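Coordinate analysis (summary)
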Amino acid sequence: METMTGARALMVAMEKEGVKEVFGLPGGANLPMYDEFARCDIRHILVRHEQSAAHMADGFGRVSRKPGVCFATSGPGATNILTGIATAQADSSPMIAVTGQVPVAMIGKDAFQESDIIGMANPVVKYAFQPRTPDEIPSVVRKGFYIAETGRPGPVLIDIPKDVQQKEASMVFPDEFKIRGYHPWTDPDIVHVERAIDLLLSAERPIILAGGGTIISSAFAELQSIAELLMIPVVTTFKGKGAFPENHPLSLGPIGMHGHAEANKMMTEADCVLAIGTRFSDRSVGTFEAFEKRLKIIHMDVDPAEIGKNQTTSVAVVGDVRASLRIMVKMLLQKAVKRTEENTWIKHVKETKEYWKENLKLHPGEMGAAKILRKLREVLPHESIVTTEVGQHQMWASLFYDVIQPGTFFSSTGLGTMGWGFPAAIGAKVAKPDVPVVDIAGDGSFSMTENSLATAVLEDIPVIVFLLNNFTLGMVAQWQRTFYDRRMIGVDQGKCPDYVKLAESYGAQGIRAQSMDELDKAIKTALKSDVATVIDIPIDPEEDVLPFVAPGTSLADMILPS
Amino acid sequence: MWAILTLLVENKPGILFKVTHLFRSRNFNIDSIAVGVTENPEYSRMTITTYGDEKQIEQIVKQLDKMIDTIEVKHLDEHKTVYRELSIFKIKLSNANDSMEVNKLANAYGGKIHDVKKDSIMVELTATPDQIRAFEELAKPFGILEVARTGVAALQRSGV
């Protein structure tokens, strides 16, 4: 037992959790915590807006699979990180957000920079703590990290009143603790796995749908084994993109609103789906009812509340999906099930894939989105990590940037937060400094958090912003062209700013690429650079993302390029 | 269908807020809610009644169960459960006979009489929501001035 302040206890407890970096911004109510950075080995990475701190922690968490930590002060500091917390919650990303709060005696008095962040954050956190005495802090941190990273991961908020940070107490740092109402893991029921296998084997046109949970639990090898043993084609959700190597003969890519044509097509023809770690979001499945009737669903998920939430399932396997898939692989090997002959279904799948490879019409210009993203793929090493912003470029990335090494592609897929990709790339680079990290960006989304260039430059975090610049809020413009008779309202960004000059003004590198040659050189220069680089790639503002499944319609009704 | 849910939760500030917020954000409705501390002061018991089809009720139970502050969540079978609600009715008295008539009615439902005044009378009734509704229908002709209801409290019968 040791006597120390609450702020000191917070830092000691975080060091015990293995925290090496914190992303944040100081203010009045978290100054005692900030003062402790002078006395510990944790690196502080300063942001220019708290939302970016949360996105950085999120990017760090998704790549390292350990909670990323962000700090903000009370009031506006806390409300600024809310968007980042909600983003992490929507995508099940482990995160610890630590906010300062006004002193206990001031809570509820509408004090300066007071906000009821516990109340506001409630629906978008996995859990929230507000320690009222300093001696609670060690166990709060221990439990917070445990909750954030176990089961279905998510963000945990720790809101600490200023006087609780300042006061001293004798601290006990517990190794063991009990949370009575929290049981993050369920052992997969073997009987259910067996039933799932029977269903898969009896299906004529089976398909695997790998969701984000496959990536969170790193079930890459298990997924590949099952696909290969049973010769089943694999589609993914957008969040599951890259759970399965996209150059694999059985890979069809993501389904959904902007899914691959062959993936959407095969999804609508399948008679049985093995759905792994997915919540069947509307963006992924469109109106599912159309073919739900003849489609048998096997649903594996760590979160029992996801079973039956959006879809009725034939067989449900609750538990960590990697554990469930392992059991499945083992059973298949015991049964000595291995398909080597291509049946009519798999032949049909391969023909369909081949057809769309040849026949999907692409933008005719030299600087069409497909050509640009295929160039990026060609030059980038396979282990590179890619994040995206939100918008047209994000969906082009989904369509044309193939993920070869599983678990190297991350995007704000659930909340769809513009401004996410760049700070998340910074967080990813902090987690894995030795691999190239690229934010595939659009100008609208990048401009929301572009001031993170200051963080990238000053903190020496050389990420690459790959900016498909159409000077437009492109996805909204596409909807206005498609559904609002070309009435373009509020989408023109003007040629403002000049992103090369913007990058240079922060001390970063700015390169404009207007031809494939220039683009090739720019990517290679950026990869060698030891400062952050913005590659500004002007593109046609009229280019649409196609195929396109209109909201509220079925995957079978894709709008295709004419 | 009407469903009675019973929740054993941590007896800490803010839990009622979280439970009710979950109903709001998931687009479910609370019909009634009753909260009180249990035999163990570390826990509270919440009894919530709600409406929904089977799938919705199952989803509510799962979402409540997922909450870290809930220790146990059960959808009770009303045939295997003792459930009661306390209600207080203030009923208008218009003529000399009314007092006796209300008294009779209250007796028939096992109610208790309080606060007898010249113009009004209070009836305390502890019963199932159906019985309370039935009583309310019969009391209506007298004129119901005010009603207060606690919501259902419920416990599962032993050995079922």
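Here the residue numbering is sequential within each chain, running from 1 through the sequence in written order. Chain letters start at A and ligand numbers start at 1, both assigned in the order the entries are written. Totals for whole chains, interfaces and linings use all residues, but because this is a predicted model, local features are given only for residues with pLDDT of at least 70 and pairs of side-chain atoms are given and counted only at 80 or more.

So, helix α16 (residues 369-379) of chain A
Residues and elements named next belong to chain A.
- Within the sequence span of α16, burial applies to Ala369, Ile372, Leu373, Lys375 and Leu376. Down the axis of α16, the smallest arc covering the buried residues is 150°, so these residues share one side.
- Residues of α16 that are buried sit in contact with α17 (392-400), β18 (464-469), α23 (516-528) and β20 (533-538). Using C-beta atoms placed from the backbone, we call a residue buried if 20 or more other C-beta atoms fall within 10 Å of its own, exposed if 12 or fewer do, and partly exposed for counts in between. Only runs of H or I of at least four residues qualify as helices and only runs of E of at least two qualify as strands under DSSP, and these elements are numbered from the N terminus. This arc is taken over the directions from the axis of the helix to the C-beta atoms. Contact criterion: two residues are in contact if their C-beta atoms, reconstructed from the backbone, are within 7 Å.

Considerations on the domain arrangement of chain B
Residues and elements named next belong to chain B.
- Segmentation into domains, and thus their bounds, comes from an automatic or database assignment. Taken domain by domain, chain B comprises domain 1 (2-76) and domain 2 (82-156).
- Counting only elements with at least two residues in the side of domain 1 that touches domain 2, the list comes to β1 (2-10), β2 (32-37) and β3 (43-51).
- No other element matches β2, which puts three residues into the side of domain 1 that touches domain 2.
- For this classification, Asp, Glu, Lys and Arg are treated as charged, while Ala, Val, Leu, Ile, Met, Phe, Trp, Tyr, Cys and Pro are nonpolar and the rest, including Gly, are polar. In terms of residue class, the side of domain 1 that touches domain 2 is built from four nonpolar, four polar and no charged.

Some details on the domain arrangement of chain A
Residue and element names in this part refer to chain A.
- If you check the domain split of chain A, you get domain 1 (2-171), domain 2 (190-358) and domain 3 (362-538).
- Using C-alpha coordinates to define each centre, domain 2 is positioned 30 Å away from domain 3.
- Residue-level contacts link 15 residues of domain 2 with twelve residues of domain 3.
- Class assignment of the residues belonging to the side of domain 2 that touches domain 3 gives a composition of seven nonpolar, five polar and three charged.

Brief notes about unusual backbone geometry
Residues and elements named next belong to chain A.
- Look at the link from Cys496 to Pro497: it is a cis peptide, with omega at 0°.
- One can find Pro497 in the loop between α21 (474-483) and α22 (499-505).
- Cis peptide bonds are those with omega within 30 degrees of zero, and the linkage from Leu546 to Pro547 qualifies with 5°.
- Inspection of the secondary structure assignment puts Pro547 in the segment after β20.
- In this structure, Ala336 is a non-glycine residue whose phi angle is positive, near 55°.
- Here Ala336 is to be found in the loop between α14 (321-334) and α15 (344-359).
- Using a count of 7 C-beta atoms within 10 Å as the deciding quantity, one classes Ala336 as exposed.
- Although it is not a glycine, Asp485 sits at a positive phi angle of roughly 55°.
- Tracing the sequence through the fold places Asp485 in the loop between α21 and α22.

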